[in-house]
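# Geometric and topological summary
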Amino acid sequence: AAKLGTRKKDFGVFAVWVSTPAGKFPGALHYGPRFHHKGGVVCEVHCIGLTKNVYRKKITITVVKKLRATKQFSSITKLKKAIALDVKKTAILLSS
């Protein structure tokens with residue numbers, strides 16, 4: 001499993017496994033600048049198939065593969081399309 005660093009070259013979108021109190025799920029993780037909102041560096045993960053609320057719960061993330069570098073999109077619509085593609089790639093990668 002890979003580890004995330006704190007340098008810009010470490011930023012990106014990753015296929016990950018997320019262990020939660022509700023079980024283990026594949027996930028698409030974004031680690032890097034928040035281009036379309038009020039700035040800052042964030043780590044956000046979309047858990048595929050998770051239906052329970054795990055906010056404020058302890059989770060463990062295992063990085064499997066970097067899918068792509070972070071990128072600033074020209075619109076929120078293009079960002080949403082990229083996120084959907086990242087989730088699809090993650091589901092395919094982690095189902096095999």
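No experiment lies behind these values; they were computed from the predicted model shown.

Parameters and conventions
Residues numbered from 1 in each chain as written. Predicted model: local features only at pLDDT ≥ 70, side-chain atom pairs only at ≥ 80, totals over all residues. Heavy atoms only, no water. Helix = DSSP H or I, 4+ residues; strand = E, 2+ residues; numbered from the N terminus. Rg over C-alpha atoms; globule rule 2.2 N^0.38 Å. Buried < 20%, exposed > 50% of the residue type's maximum accessible area, 1.4 Å probe, protein only. Contact = heavy atoms within 4.5 Å. Areas by Shrake-Rupley, 256 points an atom, 1.4 Å probe, with all protein chains shown as cover. Phe/Tyr/Trp six-rings, centres within 6.5 Å; stacked < 30°, edge-to-face > 60°. Lys NZ or Arg CZ within 6 Å of the ring centre and 35° of its normal. Expected span 1.5 Å × (residues − 1). Arc of directions from axis to C-beta.

## So, the overall build of the protein
Helices and strands together make up the secondary structure of the protein, namely one helix and four strands. Listing every helix and strand of the protein by position from the N terminus yields β-β-β-β-α. Compactness check: the protein gives a C-alpha radius of gyration of 13 Å against a globular reference of 12 Å for 96 residues, within 12% of the reference. In terms of principal-axis extent, the alpha carbons of the protein reach across some 35 × 25 × 25 Å. Evaluated residue by residue, the protein yields a buried proportion of 29% over its 96 residues. Here the contacts in the protein between residues at least 6 apart in sequence split such that 59% fall between residues at least 24 apart. By element, 56% of the accessible surface of the protein is carried by carbon and sulfur atoms, the whole surface being about 6,700 Å².

## Considerations on the packing of aromatic side chains
Using the criterion set out here, one finds one aromatic pair in the structure. When the ring of F11 is compared with that of Y31, the centres are 5.3 Å apart and the planes differ by 85°; the resulting orientation is edge-to-face. Remark: Y31 occurs in strand β2 (residues 23–33) and F11 occurs in the segment before β1 (12–20); sequence separation between them is 20 residues. Of the two residues examined, F11 and Y31, each falls in the buried class. Positioned above the aromatic ring of W17, the side-chain terminus of K24 is 5.1 Å from the ring centre.

## Brief notes about the environment of S74
Tracing the backbone shows S74 in the loop between β4 (60–68) and α1 (76–95). Relative accessible area serves as the criterion here: at 61%, S74 is assigned to the exposed category.

## Considering α1
Under the 1.5 Å per step criterion, the end-to-end length of α1 is 28 Å for 20 residues, consistent within 8% with the ideal 28 Å. Those residues of α1 not exposed but buried are L79, A82, D86, V87, T90 and L94. Projection of α1 onto a plane perpendicular to its axis shows the buried side chains occupying an angular sector of 140°, all on one side. Turned more than 90 degrees away from the buried face of α1 sit T77, K80, K81, K88, I92 and S95, all of them exposed. Those residues of α1 that are buried are in contact with β1, β2, β3 (41–47) and β4.

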